[in-house]
Amino acid sequence: MLKRWDTRLYDIKLILEVFDSLSLDLRSINAPKPKVYDLETIIKALLIKEFEGHSLRSAEVRIKEVLGIRIDHSVLHFWEKNLSSNIEEILNKVLERLQSIDYTDSFIDSTKFCCVG
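The sections below set out a description of the structure shown in this document. From a predicted model like this one, the values you see are computed outputs, not experimental measurements.

**Quick notes on the overall build of the protein**
Part 1: Of regular secondary structure, the protein possesses five helices and zero strands.
Part 2: Secondary structure elements of the protein, listed N to C terminal, follow the sequence α-α-α-α-α.
Part 3: Just so you have it, the protein exposes about 8300 Å², and 51% of that area is on carbon and sulfur atoms.

Right, dumping it as structure tokens:
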């Protein structure tokens, strides 16, 4: 699914709703136990970072806007390293579920490029 063709990939709230609707066994993930936030919150924060393409520092600000909590960029980096294979699997499941949801809006791009000689 290419991001420029599917506008649902820009709606982070929809993506987080899809994540919430997945039945994932987070206890089976082989990772250290989080001290402050639960694993689901950390995964949501990483999904925001990945889907919106933020750096660690800008993701820190965006996560505060979306989730209402502040997760330091160093904590995000730690969990990004420890959950990299799991996050990839979760991203694929979210994308599969998004593909199964019907479109509510469609857009046609009629951009035309021409050269003036």
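**Quick word on the nonpolar core**
Part 1: Grouped together as the largest cluster of nonpolar side chains are 28 residues, with contacts concentrated most on Ile-43, Phe-51, Leu-83 and Val-94.
Part 2: Elements represented by at least two residues in this core include exactly α1 (12-21), α2 (39-52), α3 (56-67), α4 (73-82) and α5 (84-100).
Part 3: Of the residues forming this core, the biggest block, eight residues, is contributed by α2.

**Thoughts on the packing of aromatic side chains**
Part 1: Applying the stated criterion to the full structure yields one aromatic pair.
Part 2: Ring plane angle 85° and centroid distance 5.1 Å describe the contact between Phe-78 and Trp-79, whose orientation is recorded as edge-to-face.
Part 3: The class of Trp-79 is buried, set by a relative accessible area of 5%.

**Here we look at α5**
Part 1: Taking 1.5 Å as the rise per residue, α5 with 17 residues should run 24 Å; its terminal C-alpha atoms sit 25 Å apart, in good agreement.
Part 2: The set of residues buried in α5 consists of Asn-86, Ile-87, Ile-90, Leu-91, Val-94 and Leu-98. The buried residues of α5 all sit within an arc of 135° when viewed along its axis, so they share a single face. Facing away from the buried side of α5, by more than 90 degrees, are the exposed residues Ser-85, Glu-88, Glu-96, Gln-99 and Ser-100.
Part 3: Considering only its buried residues, α5 is in contact with α1, α2 and α4.

**Focus on the packing of α3 against α4**
Part 1: Packing of α3 against α4 leaves a shortest axis separation of 8 Å and a crossing angle of 105°. For the element pair α3 / α4, the angle class is roughly perpendicular. Facing Leu-56, Arg-57, Ala-59, Glu-60 and Ile-63 of α3, the residues of α4 in contact are His-73, Leu-76, His-77 and Glu-80.
Part 2: Here the residues of the contact of α3 with α4 sort into four nonpolar, two polar and three charged.

About the thresholds
Residues numbered from 1 in each chain as written. Predicted model: local features only at pLDDT ≥ 70, side-chain atom pairs only at ≥ 80, totals over all residues. Heavy atoms only, no water. Helix = DSSP H or I, 4+ residues; strand = E, 2+ residues; numbered from the N terminus. Areas by Shrake-Rupley, 256 points an atom, 1.4 Å probe, with all protein chains shown as cover. Core = buried A, V, L, I, M, F, W, Y, C linked by side-chain atoms within 4.5 Å. Buried < 20%, exposed > 50% of the residue type's maximum accessible area, 1.4 Å probe, protein only. Phe/Tyr/Trp six-rings, centres within 6.5 Å; stacked < 30°, edge-to-face > 60°. Expected span 1.5 Å × (residues − 1). Arc of directions from axis to C-beta. Contact = heavy atoms within 4.5 Å. Axes fitted to C-alpha atoms, helices over the stretch in contact; angles between N-to-C directions. Parallel < 35°, antiparallel > 145°, perpendicular 65-115°, else oblique. Nonpolar A, V, L, I, M, F, W, Y, C, P; charged D, E, K, R; others polar.

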